Amino acid sequence: MRCLANLLVPAIMALSGGLVTLAQTPPYNVGRPATDQEIRAWDIAIGPEGEELPPGSGTSKEGAKIYAQRCASCHGPTAAEGKFIHGPLLGGRETLTTLYPLKTLGSYWPFATGIWDYIRRGMPPGGEGSLTTDEVYHLTAFLLYRNGIIKETDVLNEKNLPKIQMPNRNGFVPAKPEWKPGEKRPHGLYP
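Residues numbered from 1 in each chain as written. Predicted model: local features only at pLDDT ≥ 70, side-chain atom pairs only at ≥ 80, totals over all residues. Heavy atoms only, no water.

(A) Just helix 3 (residues 60-70), in detail. Within helix 3, the full set of buried residues consists of S60, G63, I66 and Y67. Seen along its axis, helix 3 keeps its buried residues to an arc of 115°; they face one direction. Facing away from the buried surface of helix 3 by more than 90 degrees, the exposed residues are K61, A68 and Q69. Buried residues belonging to helix 3 abut strand 1 (57-59), helix 4 (72-75) and helix 6 (133-146). (Buried < 20%, exposed > 50% of the residue type's maximum accessible area, 1.4 Å probe, protein only. Helix = DSSP H or I, 4+ residues; strand = E, 2+ residues; numbered from the N terminus. Arc of directions from axis to C-beta. Contact = heavy atoms within 4.5 Å.)

Take a look at the structure:
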């Protein structure tokens, strides 16, 4: 069965590439290649190093105000409640090795830049992308403060956010594991 899959996957990939090319040629003229400007507009993901972070800044105090207005209805008034639409955003640090881990921003997420990116692209539901850059920095600062990761007086910006050490930073397989050709790769790592 595995041999069949090894043959089918490349064949399907080659066929789909050919169909895309065929669709963009006469007489079909369906679609066109994306321009560099269109690709840049969609390429908004923020990596762990934070190189893509836009300029801006935020504080926990301002983030608390925004949270109360825009986030509390789903996440609860203090972000620690688990009975609302979504689970708690706080706590859980000592639970990751238990039978019932509580995966929160402060216990599970390995990079603070991931929190910023998630808020920017996915919050609030139904209004994704409606927060300004500074509002996202404010909310990130508020959540990091409430999780005991930064001080209430800290000001987050594009330079210091990637430097924040999250409690579970080393709880995952390293991004670039040490591996030498000829050695068996760890489960889950593919070429």
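(B) Molecular detail of the pattern of salt bridges. In total, this model carries three salt bridges according to the counting rule given. A salt bridge links R121 to D117; its shortest N-O distance comes to 2.8 Å. You can see R121 and its partner D117 sitting in helix 5 (residues 112-122), four residues apart, about one turn around the helix. R121 sits in the partly exposed class, given a relative accessible area of 43%. Residue classification places D117 among the buried positions, given a relative accessible area of 7%. For the salt bridge of K159 with E158, the shortest nitrogen-to-oxygen distance reads 3.7 Å. Residue classification places K159 among the exposed positions, given a relative accessible area of 60%. (Salt bridge = Lys/Arg side-chain N within 4 Å of Asp/Glu carboxyl O.)

(C) Seen up close, the state of the cysteines. The tally for this structure, following the rule as stated, stands at zero disulfides. Unpaired in terms of disulfides, C71 finds its nearest cysteine sulfur in C74, a separation of 8.4 Å. Its relative accessible area of 18% is what places C74 among the buried residues. (Disulfide = S-S within 2.5 Å.)

(D) How the structure looks around the packing of aromatic side chains. With the rule as written, the count across this model stands at three aromatic pairs. Taking the centre distance of 5.8 Å and the plane angle of 80° together, the rings of W109 and Y118 count as edge-to-face. (Phe/Tyr/Trp six-rings, centres within 6.5 Å; stacked < 30°, edge-to-face > 60°.)

(E) Summary view of the packing of helix 3 against helix 6. Helix 6 packs onto helix 3 with a crossing angle of 100° between their chain directions and a minimal axis gap of 7 Å. Taken together, the axes of helix 3 and helix 6 lie roughly perpendicular to each other. Packed against helix 3, whose contacting residues are S60, E62, G63, A64, I66, Y67 and R70, the element helix 6 presents E135, H138, L139, A141, F142 and Y145 at the interface. Partitioning the contact of helix 3 with helix 6 into residue classes produces seven nonpolar, three polar and three charged. (Axes fitted to C-alpha atoms, helices over the stretch in contact; angles between N-to-C directions. Parallel < 35°, antiparallel > 145°, perpendicular 65-115°, else oblique. Nonpolar A, V, L, I, M, F, W, Y, C, P; charged D, E, K, R; others polar.)

(F) Structural context of helix 5. If you check which residues of helix 5 are buried, you get A112, T113, I115, W116, D117 and I119. Looking at the buried positions of helix 5, the neighbouring elements they touch are helix 6.

(G) Main features of the packing of helix 5 against helix 6. Here helix 5 crosses helix 6 at 130°, and the two axes come no closer than 9 Å. Here helix 6 runs oblique to helix 5, going by the angle between their axes. Considering the relative orientation of helix 5 and helix 6, their crossing is right-handed. Contact with helix 5, carried on its side by A112, I115, W116, I119 and R120, involves T133, V136, Y137, L139, T140, L143 and L144 of helix 6 and no other residues of that element. Taken together, the residues that form the contact of helix 5 with helix 6 break down as nine nonpolar, two polar and one charged. (Left-handed = near helix turned anticlockwise from the far one by under 90°.)

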